[in-house]
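Fold and geometry: a report
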Amino acid sequence: KYPDFCYRDSFSDNKSKEKLFSLRFNWNVWAKIYKRDFILKNKIVFEGTILEDILFTYETVLIADNIIFIDERNYCYRTFRKNSLTLFDGRSYYVCEVINKIKNLLVSKKLYKKHKQSFYSCGYLLLATEFERENLSTQEYNKLCFKIKNEILNEKDVKIKIFDSLPYKIRTYIFVFCLKHDINYQNIGKILRKIWLFFKR
């Protein structure tokens, strides 16, 4: 469920899309309907086999002339299935790769400055969510965080946008604090996630 303005407004310019990117957005490709001609004309394709939805969805939102939401539930998706790709350890590495590809996409289209704030907010939230699910060793975690801070999300003058969900906002701020001060977020994130899921019932 998105904020009410999503169902009232359409998203067609950079300003409205910046607002859209700052939401707790559903990056799954199956939650959307696309015009076939739009996909073919812009040569948008899936890259890779893991987390490919994120880059595909980001690119379609970025270049679409108009986006609307419908307040209906038309698809039933079963989560946390045994052997699902959403459960394997190591997804954080793929998230880093996808975030880097999004950054390159924004740079190539000369839209990086316009969407930098929401790009960082989106990247931090994606990473926080993955670290809450994973069990990386301290060495792996530190290595990955070093890469994130120095190669991917390495600008200092970025402010996190406000998400539509307070729990996600809190978890993202805590993740950024941990990243900045070299604190392992994994265990903290797992506790925060359990609290959130408990109250979500």
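As the structure is a computational prediction, the values presented were derived from the model and not from experiment.

**Digging into the pattern of salt bridges**
- Scanning the model with the defined rule gives eight salt bridges in all.
- Across the pair E155 and K116 runs a salt bridge whose closest N-O atoms are separated by 3.0 Å. On the criterion of sequence distance, the pair formed by E155 in the loop between helix 7 (138-152) and helix 8 (166-180) and K116 in helix 6 (residues 112-133) is long-range, its members being 39 residues apart.

**Some remarks on the nonpolar core**
- Core analysis: the largest hydrophobic core is formed by 55 residues, its most contacted members being Y58, F119, L127, F131, L153 and F175.
- The element best represented in this core is helix 6, accounting for nine residues.
- Look past the residues within four positions of F175 in its chain and what remains in contact with it is Y124, L127, A128, F131, Y141 and Y185.

**So, the packing of helix 2 (residues 14-21) against helix 6**
- It is at 9 Å that the axes of helix 2 and helix 6 come closest, and there the two elements cross at 10°. Considered as vectors, helix 2 and helix 6 are oriented roughly parallel to each other. Contacts between helix 2 and helix 6 involve N14, K17, E18 and F21 on the former and, on the latter, K114, H115, Q117, S118 and C122.
- Tallied by class, residues from the contact of helix 2 with helix 6 come to two nonpolar, four polar and three charged.

**Notes on the side chain of K116**
- Among the residues examined, K116 registers a relative accessible area of 14% and is labelled buried.
- Dropping the residues within four chain positions of it, K116 is found in contact with E155, D157 and V158.

**With respect to the environment of V29**
- Along the chain, the position of V29 falls in the loop between helix 2 and helix 3 (36-41).
- The spacing of V29 and I54 is 25 residues in sequence and 7.9 Å in space, taken between C-alpha atoms.
- Leaving out residues up to four positions away in the same chain, V29 has contacts with Y34, F46, D53, F56 and T57.

**Describing the state of the cysteines**
- One pass over the full model with this rule turns up zero disulfides.
- Of the cysteine sulfurs around C6, a residue in no disulfide, the closest is that of C122, at 15 Å.
- Relative accessible area serves as the criterion here: at 0%, C6 is assigned to the buried category.
- With no disulfide of its own, C96 has C145 as its nearest cysteine by sulfur position, at a separation of 8.2 Å.

**Some remarks on a nonpolar patch on the surface**
- Residues I191, I195, F198 and F199 make up a contiguous nonpolar surface patch of about 460 Å² in total accessible area.
- With respect to the secondary-structure elements, I191 resides in helix 9 (residues 185-200).
- Classification of I191 as exposed rests on a relative accessible area of 53%.

**Digging into the packing of aromatic side chains**
- Following the criterion strictly, the structure yields 18 aromatic pairs and no others.
- Between Y34 and F56, the aromatic rings sit 5.4 Å apart at their centres with planes inclined by 85°, giving edge-to-face as the arrangement. Here Y34, found in the loop between helix 2 and helix 3, pairs with F56, found in helix 4 (residues 52-63); they are 22 residues apart in sequence, far enough to count as distant.
- Residue F56 is classed as buried on the basis of its relative accessible area, which comes to 6%.
- For the ring pair F175 and Y185, a centre distance of 5.3 Å and an interplane angle of 80° mean the geometry is edge-to-face. Taken together, the positions of F175 in helix 8 and Y185 in helix 9 put the pair ten residues apart, joining distant regions of the chain. Of the two residues, F175 and Y185, neither departs from the other in class, the shared state being buried.
- Over the aromatic face of Y168 sits the side chain of R171, whose NZ or CZ is 4.8 Å from the ring centroid.

Conventions adopted
Note that residues are indexed from 1 along each chain, following the sequence as it is written. At least 70 in pLDDT is required for a residue's local features to be given in this predicted model, at least 80 for side-chain atom pairs to be given and counted, and no such filter applies to totals for whole chains, interfaces and linings, which use all residues. Note that water and hydrogens are dropped before the side-chain values are worked out from all heavy atoms of the structure. What counts as a salt bridge is simple: a side-chain nitrogen of Lys or Arg found within 4 Å of a carboxyl oxygen of Asp or Glu. Strands are runs of DSSP state E lasting at least two residues, helices are runs of H or I lasting at least four, and both sets are numbered from the N terminus onward. For this analysis, a nonpolar core means a set of buried residues of the types Ala, Val, Leu, Ile, Met, Phe, Trp, Tyr and Cys, connected via side-chain atoms within 4.5 Å. Using a 1.4 Å probe on the protein chains alone, a residue whose accessible area is under 20% of its type maximum counts as buried, one over 50% counts as exposed, and one in between counts as partly exposed. The contact rule is simple, with two residues in contact once any of their heavy atoms fall within 4.5 Å. All axes here are fitted lines through C-alpha atoms, helices being fitted over the stretch that makes contact, and every angle between N-to-C directions spans 0 to 180 degrees. Each angle receives one of four descriptions, namely roughly parallel if under 35 degrees, roughly antiparallel if over 145, roughly perpendicular if within 65 to 115, and oblique otherwise. Residues are grouped as follows: Ala, Val, Leu, Ile, Met, Phe, Trp, Tyr, Cys and Pro are nonpolar; Asp, Glu, Lys and Arg are charged; every other residue, Gly included, is polar. Count a disulfide wherever a pair of cysteine sulfur atoms falls within 2.5 Å. Two distance rules govern patches: like charges are joined within 9 Å, and nonpolar side chains (Val, Leu, Ile, Met, Phe, Trp, Tyr) within 5 Å, applied only to residues with over 30% relative accessible area and no salt bridge. The accessible surface values rely on the Shrake-Rupley method and a 1.4 Å probe; as for residues, cover is taken only from the protein chains in view. Working definition: rings of Phe, Tyr and Trp (its six-membered ring) pair if their centres are within 6.5 Å, and the pair is stacked with planes under 30 degrees apart, edge-to-face with planes over 60 apart, and tilted otherwise. A ring is scored as having a charge over it whenever the NZ atom of a lysine or the CZ atom of an arginine sits within 6 Å of its centre and within 35 degrees of its normal.

Read these as spatial facts, not as claims about activity.
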